[in-house]
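Overview (structure and organization)
Listed below, chain by chain, are the residues.
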Amino acid sequence: MKDTLRPGIAHTMRYEVPAERTVPHLLPEASDFGSMPEVLATGYMVGIIEWACMEALRDHLDDSELSLGVHVDLSHDAPTLPGSTVIIDVTVTEVDGRAVTFDVAARDEHAVISTGTHRRGVVDRDRFAARLARQAEGAQR
C-alpha cells in the first residue's frame, strides 16, 4: 500500500441500474427470486458499493496488490427502479494494517437507499493466486 492511503479519502460513483440487476435476475436457478418485483437487488447493491470502494483504493495500492471485501454492514432502505441512477459516496474512515474501513451512503433520485460500512483487506495478488491454486489442487484430490 502506498502511504497516500489514509482516512478521509472520498470517492463518488454513479451507476445506472439496468433491468438485469433487479431481483428476478439475481439467481435464475432460485425460482423465488423470479417472482419478486423488478427493483435493484440487495446482492447487486452490495457489489456496486464494493466497486465504489475498489475505485477509491485504486490509486493507493501498489501494482502487486488487490483488495478483497471482508465485511459488509449495509442497510437496504428503499427500492430503486431500473433506469434510476444510484450515487454512491464512500469515505475511508480507518486504515488498520491491511484492513481499510469505509463509511458508505447510496441514494437514487428519490431516497437514500443504503447506509453503513464496508471493510476491505489489501493482499498481495500473487500470494492470493497461489493460495487459490493450492485450494483448487486440494479439491481435485
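Coordinates for the structure precede this section.
Values in this document were obtained by computation on a predicted structure and should not be read as measured data.

Let's talk about the environment of E137
Positionally, E137 belongs in helix α3 (residues 125–139). Classification of E137 as partly exposed rests on a relative accessible area of 48%. Measuring from C-alpha to C-alpha, the distance between E137 and M36 comes to 39 Å, with 101 residues separating the pair along the chain.

Some thoughts on the side chain of T101
Along the polypeptide, T101 turns up in strand β4 (residues 99–107). The buried category is assigned to T101, whose relative accessible area is 13%. Contacts of T101, omitting those with residues within four sequence positions, involve T91, V92, T93, E94, H118 and R119.

Side note on the nonpolar core
With 25 residues, the main nonpolar core has L40, V86, I88, V90, V100, F102 and I113 as its most contacted residues. Broken down by secondary-structure element, the contributors of at least two residues to this core are β1 (10–16), α2 (42–57), β3 (85–96), β4 and β5 (112–124). The biggest single contributor to this core is α2, with seven residues. For L40, the residues in contact, after removing those within four places along its chain, are V17, R21, T22, V23, M45, I48, H76, T80, V86 and I113.

Describing the environment of K2
With respect to the helices and strands, K2 occurs in the segment before β1. Setting aside residues no more than four positions away along its own chain, K2 makes contact with D59, H60, L61 and D62.

As for the packing of aromatic side chains
Inspection of every chain in the model, using the stated rule, returns one aromatic pair. Seen in terms of ring centroids, Y15 and W51 are 6.0 Å apart; in terms of plane orientation they differ by 75°. Their pairing is edge-to-face. Of this pair, Y15 sits in strand β1 while W51 is found in helix α2, placing the two residues 36 residues apart along the sequence. The class for W51 is partly exposed, based on a relative accessible area of 38%.

What about the sheet that holds strand β2 (residues 65–74)?
Sheet architecture is open: five strands sit in the order β1-β3-β4-β5-β2, paired in antiparallel fashion. Because the sheet does not close on itself, it has two edges, and the strands there are β1 and β2. Ignoring which end each strand starts from, the neighbouring axes of this sheet average 25° apart. Note that β1 and β3 share seven bridges and pair antiparallel. Bridge pairing in β3 links R14 to I87. Strands in contact with α3 are β2 and β5; relative to β5, the strand with the most contacts, it is inclined by about 90°.

Rules of the game
Residues numbered from 1 in each chain as written. Predicted model: local features only at pLDDT ≥ 70, side-chain atom pairs only at ≥ 80, totals over all residues. Heavy atoms only, no water. Helix = DSSP H or I, 4+ residues; strand = E, 2+ residues; numbered from the N terminus. Buried < 20%, exposed > 50% of the residue type's maximum accessible area, 1.4 Å probe, protein only. Contact = heavy atoms within 4.5 Å. Core = buried A, V, L, I, M, F, W, Y, C linked by side-chain atoms within 4.5 Å. Phe/Tyr/Trp six-rings, centres within 6.5 Å; stacked < 30°, edge-to-face > 60°. Pairing = 2+ DSSP bridges. Axes fitted to C-alpha atoms, helices over the stretch in contact; angles between N-to-C directions.

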